[in-house]
Amino acid sequence: MRFDEAYSGNVFIKSHPVYEESPIVIYGMPMDWTVSYRPGSRFGPGRIREVSIGIEEYSPYLDKDLADYNYFDAGDIPLPFGNAQKSLDLIEEFLDKILADGKFPLGMGGEHLVTWPVIKAMYKKYPNLAIIHMDAHTDLREHFEGEELSHSTPIRKAANLIGPKNVYSFGIRSGMKEEFEWAKEVGMSIFKFDVHKPLQEVLPQLAGRPVYVTIDIDVLDPAHAPGTGTVDCGGITSRELLAAIHEIARSEVNVVGADLVEVAPIYDHSEQTVNTASKLLREMLLGFAAK
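These lines cover the structure that appears in this document, whether it is placed above or below. This one's a predicted model, so the numbers in the text were calculated from it and none came from an experiment. (Residues numbered from 1 in each chain as written. Predicted model: local features only at pLDDT ≥ 70, side-chain atom pairs only at ≥ 80, totals over all residues. Heavy atoms only, no water.)

Description of the pattern of salt bridges
Phase 1: With the rule as written, the count across this model stands at 13 salt bridges.
Phase 2: Residues Lys120 and Glu92 are paired through a salt bridge, measuring 3.2 Å at the closest nitrogen-oxygen approach. Residue Lys120 is found in helix α3 (residues 115–125), and its partner Glu92 is found in helix α2 (residues 84–100); the two are separated by 28 residues along the sequence.
Phase 3: Note that Arg282 is salt-bridged to Glu283, the shortest N-O span being 2.8 Å. (Salt bridge = Lys/Arg side-chain N within 4 Å of Asp/Glu carboxyl O. Helix = DSSP H or I, 4+ residues; strand = E, 2+ residues; numbered from the N terminus.)

As structure tokens, this is what we get:
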């Protein structure tokens, strides 16, 4: 992708037009080639940008304003439809570029498999990387119906790369028995059902470490975010997710990148999911990146 001119499509609210002057880069990963249930998350990044015009620039939670920070919206990475491996390679190449330029990456999905190449790129720069993962699902399968490239596999791949004890999953309420057993055997931390309280206990252990935060929108209960591919009842509220984001923002961890994935606008005609996602991204931007 070219960064010598601003993205010509819709941009996230208050996006700065000059890449070189922006320490933060927002980007989309419009891929849903491997989803196991309902497709449509490839349209998430574009619609999140469009509705962002409706949110306030000021965060009363963090007492910060988007107008005070430069962030560049690079648009969506152009991914070849249906070609999962090539798409993942292009995402990794994109991350290699912006990390080499010293930028903070804030991604929008797309299915959760898009996080895998991002983690690969982040790990090359931060060998002591830890992951905070919020999700309804474990995403710890080795394959789905024989396919290793699946949105049910990214956290397993990441754990195998950086070490399972460096991965912390929160809000999990769905997965195969074998996935939970594997996590227990290898010492990976899975906190079922809740996010904020267990996160408060874990964050002091990660003080000073580089941390990547990945949030699947389906960690929220479907009442709060019906616009996603694999809804799962019994989730947390949007208020708890906001509190978790702010807890990380105020902690001593060194957040080096983040993403929000699996927003599928077509399943929510009220658009509450994309509007929620837009506000969550504002808080992630101001809390994680705008230091």
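Some points on the side chain of Lys103
Phase 1: Inspection of the secondary structure puts Lys103 in the loop between α2 and β5 (104–109).
Phase 2: Here Lys103 sits buried without a salt bridge, and the closest side chain of opposite charge, Asp101, lies 6.2 Å off (N-O distance).
Phase 3: Here Tyr19 takes part through its backbone oxygen, which lies 2.9 Å from a polar atom of the side chain of Lys103.
Phase 4: Engagement of the side chain of Lys103 in a polar contact is seen with the backbone oxygen of Ser22, the distance being 2.8 Å. (Buried < 20%, exposed > 50% of the residue type's maximum accessible area, 1.4 Å probe, protein only. Lys, Arg positive; Asp, Glu negative; His and termini not counted. Polar contact = N/O pair within 3.5 Å; in protein donor to acceptor, adjacent residues only side chain to side chain.)

A few points about the sheet that holds strand β4 (residues 71–76)
Hydrogen bonds between backbone groups are what pair the strands of a sheet, and the pairing can be parallel or antiparallel.
Phase 1: The eight strands are arranged β4-β1-β5-β10-β9-β6-β7-β8 in an open sheet whose pairing can be described as parallel. The open sheet is flanked by β4 and β8 (189–192), the only strands paired with a single partner. Sheet twist, expressed as the average angle between the axes of neighbouring strands with direction ignored, equals 15 degrees.
Phase 2: The strands that helix α7 (residues 238–249) touches are β6 (130–134), β9 (210–216) and β10 (254–261); relative to β6, the one it contacts most, it runs at about 165 degrees. (Pairing = 2+ DSSP bridges. Axes fitted to C-alpha atoms, helices over the stretch in contact; angles between N-to-C directions. Contact = heavy atoms within 4.5 Å.)

Comments concerning the pairing of strand β7 (residues 167–172)
Phase 1: Counting buried residues along β7, six of its six residues qualify, which places the element largely inside the surrounding structure.
Phase 2: Here β6 pairs with β7 via four bridges, running parallel. Paired with Ile131 across the bridge in β7 is Val167.
Phase 3: With four bridges connecting them, β7 and β8 associate as parallel partners. Each residue of the ladder has a partner; that of Ser169, found in β8, is Ile190.
Phase 4: In this fold, the crossover linking β7 to β8 by way of helix α5 (residues 177–186) has right-handed handedness. (Right-handed = clockwise from strand over helix to strand, strands pointing away.)

Focus: the nonpolar core
Phase 1: Residues Ile132, Met134, Val213, Ile248 and Phe288 are the most contacted members of the largest nonpolar core, which totals 52 residues.
Phase 2: If near-sequence neighbours (up to four positions away) are discounted, Ile132 is found in contact with Tyr168, Phe170, Leu199, Leu203, Leu206, Val211, Tyr212, Val213, Thr214 and Ile248.
Phase 3: In this structure, Tyr19, Val25, Met29 and Ala183 belong to the second largest nonpolar core, which totals 42 residues. (Core = buried A, V, L, I, M, F, W, Y, C linked by side-chain atoms within 4.5 Å.)

On their own, these measurements won't tell you what the molecule is for.
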